[in-house]
Protein chains: 4
Amino acid sequence: MTTGTIEHALRELVLANRILAREGVIDDFGHVSVRSPADPNRYFLSRSRSPEIVDLADIMEFTLEGEAIDGQGRRPYAERALHGAIYMARRDVNAVTHHHARAVLPFTVTDVPLKPLFHMASVIGQEVPLWDSQPEFGDTNMLVDDLAKGHSLAKALGKNPTALLRGHGAVCVGASLREAVFVSIYMKENAELVLAARHLGELQYLTPGEIGQTGDMLRSQLAQSRSWEYRVARAGFRGL
Amino acid sequence: MTTGTIEHALRELVLANRILAREGVIDDFGHVSVRSPADPNRYFLSRSRSPEIVDLADIMEFTLEGEAIDGQGRRPYAERALHGAIYMARRDVNAVTHHHARAVLPFTVTDVPLKPLFHMASVIGQEVPLWDSQPEFGDTNMLVDDLAKGHSLAKALGKNPTALLRGHGAVCVGASLREAVFVSIYMKENAELVLAARHLGELQYLTPGEIGQTGDMLRSQLAQSRSWEYRVARAGFRGL
Amino acid sequence: MTTGTIEHALRELVLANRILAREGVIDDFGHVSVRSPADPNRYFLSRSRSPEIVDLADIMEFTLEGEAIDGQGRRPYAERALHGAIYMARRDVNAVTHHHARAVLPFTVTDVPLKPLFHMASVIGQEVPLWDSQPEFGDTNMLVDDLAKGHSLAKALGKNPTALLRGHGAVCVGASLREAVFVSIYMKENAELVLAARHLGELQYLTPGEIGQTGDMLRSQLAQSRSWEYRVARAGFRGL
Amino acid sequence: MTTGTIEHALRELVLANRILAREGVIDDFGHVSVRSPADPNRYFLSRSRSPEIVDLADIMEFTLEGEAIDGQGRRPYAERALHGAIYMARRDVNAVTHHHARAVLPFTVTDVPLKPLFHMASVIGQEVPLWDSQPEFGDTNMLVDDLAKGHSLAKALGKNPTALLRGHGAVCVGASLREAVFVSIYMKENAELVLAARHLGELQYLTPGEIGQTGDMLRSQLAQSRSWEYRVARAGFRGL
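What this report covers is the structure whose coordinates are included nearby. (Residues numbered from 1 in each chain as written. Chains lettered and ligands numbered in written order. Predicted model: local features only at pLDDT ≥ 70, side-chain atom pairs only at ≥ 80, totals over all residues. Heavy atoms only, no water.)

Before going further, it helps to spend a moment on the overall build of chain A. Along chain A, the regular secondary structure elements total seven helices and seven strands. Helices and strands in chain A line up, N terminus first, as α-β-β-β-α-β-β-α-α-β-β-α-α-α. Here the C-alpha radius of gyration of chain A, 17 Å, is about what a compact globule of 240 residues would show, namely 18 Å. In terms of its C-alpha atoms, chain A occupies a principal-axis envelope of roughly 55 × 45 × 30 Å. Out of the 240 residues belonging to chain A, those deemed buried represent 63%. Put simply, of all contacts in chain A between residues at least 6 apart along the chain, 68% involve residues at least 24 apart. Accessible surface, chain A as shown: approximately 8300 Å² in total, 49% of it carbon and sulfur. (Helix = DSSP H or I, 4+ residues; strand = E, 2+ residues; numbered from the N terminus. Rg over C-alpha atoms; globule rule 2.2 N^0.38 Å. Buried < 20%, exposed > 50% of the residue type's maximum accessible area, 1.4 Å probe, protein only. Contact = heavy atoms within 4.5 Å. Areas by Shrake-Rupley, 256 points an atom, 1.4 Å probe, with all protein chains shown as cover.)

Once that is clear, we can look at the arrangement of the chains. Between chain A and chain C there is no contact, and the shortest C-alpha to C-alpha separation is 11 Å. Chain B makes no contact with chain D; the smallest distance between any of their C-alpha atoms is 11 Å.

Glancing now at the interface of chain D and chain A. The interface is formed by 34 residues belonging to chain D together with 34 residues belonging to chain A. Across the chain D/chain A interface, buried area totals approximately 3100 Å², and carbon plus sulfur atoms make up 58% of it. On inspection of chain D and its partner chain A, the count reaches four salt bridges. Among the salt bridges present, the one from Glu189 of chain A reaches Arg102 of chain D, with a minimum N-O distance of 2.7 Å. Taken together, chain D and chain A are joined by 16 residue pairs in polar contact (both at pLDDT 80 or more). (Buried area = accessible area lost by both parts, 1.4 Å probe. Salt bridge = Lys/Arg side-chain N within 4 Å of Asp/Glu carboxyl O. Polar contact = N/O pair within 3.5 Å; in protein donor to acceptor, adjacent residues only side chain to side chain.)

Our next topic: the relation of the copies chain D and chain A. When chain D is fitted to chain A, the residual RMSD is 0.0 Å, and the transformation amounts to a turn of 90° plus an axial shift of 0.0 Å. Such a turn and shift between the copies fits a four-fold axis. The C-alpha atom lying nearest the rotation axis in chain D is that of His199 of chain D; the distance is 5.5 Å. Residue by residue, only 3% of the interface of chain D is reproduced at the interface of chain A, so the copies engage with different surfaces. (Least-squares fit on C-alpha atoms with pLDDT ≥ 70 in both.)

So, about helix α4 (residues 147-157) of chain B. Residues and elements named next belong to chain B. When α4 is considered as a whole, its buried residues turn out to be Lys149, Gly150, Ser152, Leu153, Ala154 and Leu157. Where α4 is buried, its residues contact α2 (80-89), β5 (130-131), α3 (134-137), β6 (162-165) and β7 (169-174). Of the residues flanking the start of α4, the one acting as N-cap is Asp146, its side-chain oxygen 3.2 Å from the backbone nitrogen of Ala148. One or two positions beyond α4, positive phi appears at Gly158, with a value near 60°.

Residues and elements named next belong to chain A. Here Glu12 shows up in helix α1 (residues 3-22). On the basis of relative accessible area, Glu12 is assigned to the buried category, the value being 11%. With near-sequence residues (within four places) excluded, Glu12 lies in contact with Leu177, Arg178 and Trp228.

Here the focus is the interface of chain B and chain A. Across the contact, 34 residues belong to chain B and 34 residues belong to chain A. Summing both partners gives a buried area of about 3100 Å² for chain B against chain A, and 58% of it is carried by carbon and sulfur. The largest contributions to the chain B side of the interface with chain A come from Leu200, Arg226 and Tyr230 of chain B, which together make up 26% of the buried area. In this assembly, chain B and chain A are joined by four salt bridges. The salt bridge involving Asp28 of chain A is made with Arg231 of chain B; its shortest N-O contact spans 3.2 Å. The interface formed by chain B and chain A contains 16 residue pairs in polar contact (both at pLDDT 80 or more).

A few words on the relation of the copies chain B and chain A. Each copy superposes on the other: chain B lies on chain A with an RMSD of 0.0 Å after a rotation of 90° and an axial shift of 0.0 Å. Each copy contacts the other with its own distinct surface, as only 3% of the interface residues of chain B are interface residues in chain A too.

This part takes up the pairing of strand β7 (residues 169-174) of chain A. Residues and elements named next belong to chain A. When you tally the buried positions in β7, you get six out of six residues, the bulk of the element. Residue alternation in β7 divides its side chains into two sets, Gly169, Val171 and Val173 and Ala170, Cys172 and Gly174, and both sets are buried. Both strand β6 (residues 162-165) and β7 contribute to a ladder of four bridges, which runs antiparallel. Within β7, the residue paired with Thr162 across the bridge is Cys172. As consecutive antiparallel partners, β6 and β7 are separated by three residues, and within that stretch Gly167 has a phi angle of approximately 60°, a positive value. (Pairing = 2+ DSSP bridges.)

Residue and element names in this part refer to chain D. Ordered in space as β3-β2-β1-β4-β7-β6-β5, the seven strands form an open sheet in which the pairing is mixed. What marks the edges here is a single partner per strand, and that holds for β3 (59-63) and β5 (130-131). In this structure, strand β1 (residues 31-35) lies alongside strand β4 (residues 95-99), joined through four bridges in antiparallel fashion. Counterpart to His31 in the pairing with β4 is His98. The sheet strands contacting helix α1 (residues 3-22) are β1, β2 (42-46), β3 and β4, and the helix crosses β1 at an angle near 160°. (Axes fitted to C-alpha atoms, helices over the stretch in contact; angles between N-to-C directions.)

Moving on: the pattern of salt bridges. Using the criterion set out here, one finds 80 salt bridges over all chains in the structure. Of the charged contacts in the structure, one is a salt bridge between Asp55 of chain A and Arg18 of chain A, with a shortest N-O distance of 3.6 Å. Within this pair, whereas Asp55 of chain A is found in the loop between β2 (42-46) and β3 (59-63), its partner Arg18 of chain A is found in helix α1, the two being separated by 37 residues in sequence. Residue class for Arg18 of chain A comes out buried when judged on its relative accessible area of 15%. Two residues, Arg90 of chain A and Asp92 of chain A, come together in a salt bridge whose shortest N-O distance is 2.9 Å. The class for Arg90 of chain A is buried, based on a relative accessible area of 9%. Judged by relative accessible area, Asp92 of chain A falls into the partly exposed class, the value being 45%. In the salt-bridge network here, residues are joined through shared partners; they are Asp27 and Arg102 of chain A together with Lys188, Glu189 and Glu192 of chain B.

Here it is in structure tokens:
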């Protein structure tokens, strides 16, 4: 594991922050993390700051329990427990996003399922589970601000790439940072699509077979690179 | 009370104008004021100008009755009565916005309540009262252009952070300027969310307990600073 | 009548083109004209070009019959007949816009009336008549491309500030260029609002008395200047 | 056939890529091709790259079977079969776009027809056929990634200017590149309009006669040039 690898991971994490801001997935609140390529028991996450303005100097390293390795007085996100708990539960996951994308929220407060309606959304998975803090924790400030809530959410997520949080937002995961970003964007796009299409009548969703094959294709190196290059350019970093 | 404090308040007021324009809360009409940190019986408000182009030289000082302290021939907003009346009625309020955010308007002309549907909107309060000029004042030009209407509106607002004006818009208040801006933006966001979600069926709103705890958390210094830094950057003043 | 007056009118007409493009009222097709301040039987209108890129050199002068005064080989809009016919029928009108603002179009192909739902929209008038080319002219290319169609449309417009064209768009008029621009923008805004609000149930429109008083207020010099200054800045001409 | 003609075609193809990105028709996936003006059995298409960042050096030449003439190691789009198959079937077609414009997608998964609701949309044709990969090919990765699927899609397209792909997107064709771009943009605009208007009740679509006459007018050199100049300027190439 070279220093170059870590540096690359951190630069990509800054880009991921900017991309998720540019694409309207994350606004003033929400975050994105990446598991350390040097140590699977560590992850990187910005200090408490809006993704649109996150920079290299904002990135902090944490243990999976959420302890800062070298805090330097920087204030971490209250909800970092969410990241640690998912990294503990899912060894296949190397990146996590948490967002309040507006189009996704209606599916957290109604009974309408958020299933892939077009091919690009296959990556969100066949079913998107819903986590509600109320049954287990009662009235709260709605944040996933300790490991108990983090574990509960990770359990609801199960083996899926995405989960909804009632009255709050969503989490998205991926085998790579690029994949988690891709999943987050298309979760939002699919939600917008379902909201628009439901007015027209009964919807024909993708079949499980289509979701499987299309998801595999979209997670390929070729598709991921093409999308990432586009998102980087749109976020104002053309040529990076 | 130093001159620096006033200068800081005025600079923040200019930023608040620009932010509310950038976020689509206020367009050509609408305004934002702050109570003077030097004198609770005075407030600052721009001359009659669209918030997107308000500058330091546009800010005027008023008595709560709406008299300009040093007008210099600048034309004030016709609706400044709204600000004065609220500052009279609410000693806890140090900033007021008045806007016509489009998403909020449907809730002023129908029976559908505008209640917090996601955690960020807790700050708008559990219920948003509606003020209608018609019963008390009959046909008008719809403006809150004298203290009688201002007092009537302040009475409808009561102890809430927000109120709707029928066929017109809304007022939002806060203990600080940043808080009033935050409340205004999330009132708009929540309205957009309810409009989108209602198509899907019955909605599960936040509980009163969740609204209370989440609102407290969002009004904290940490959350307010994070959001303000983001809004300032988006309004083109990165680094201020 | 000085040359300065004409020059001012032409500069404002260029701004009006850019503003209507910036505000999403007019896209690649649509236009705006102003009656000549030097001769009520003449009007100014761009050559056939999208408003977003119209410049001073594009402005042509026409007789009310649509003859170019000094064409210089420039190709005029096919639909200029619409402008001439309205100027003939309405001596109180000094500016005309024709647009296909998307939000307005649903009201041209359904039975839902487009009435002022919020105070800013009072300027569109209490009722917005619909002109349909089909009964009088049968199948056409949908353009108002001769004076016969122009007169028919002007008749449908009557004394109103706005009219709808079935499957096509709208015309808006004003006593001044600024007013016609203002009416056009708020016609679009009101249409968007009705589209959003109708999902929530029965709508409470403004009363005729409110429409009258608010419209008078909004057509005042003060309100018009404030809005124009804002629109000019947004169109990228801050300080003009 | 001069080299200049080819160069012009390639420059216009780059512009077409940028325009379709700017207008929100194509995002990270989707593409646009043009038949070679030098050889009707060849077409030009970018290498596998998002249209927003396509440049001259990305353009490749293909046989109608999808073989690269001078690949230089550049990776082609997996779905180029779609372009070749349409060029084979339609000698009148000189340009093809494939996109996932969000507004169009609801019409691919419901029974609601996508018919011209306003005059600008006449160019999409009276009926828009739907191609579904499922009956003929079963579960797939949803891509038109071989000639068998390309031929099947071309058959569904028939003599129409547009076709829908279930759970995927659309194809649009034109006698010229500019026309295919124009059709693509107005297919999206019409879809947005139908989505908005359907809430209001029964819709009055254009008559077949109106579609015919208006489509002819819009495909004229004058209308095409006016629109293209506008789209080029909006895509940031003012003056090209």
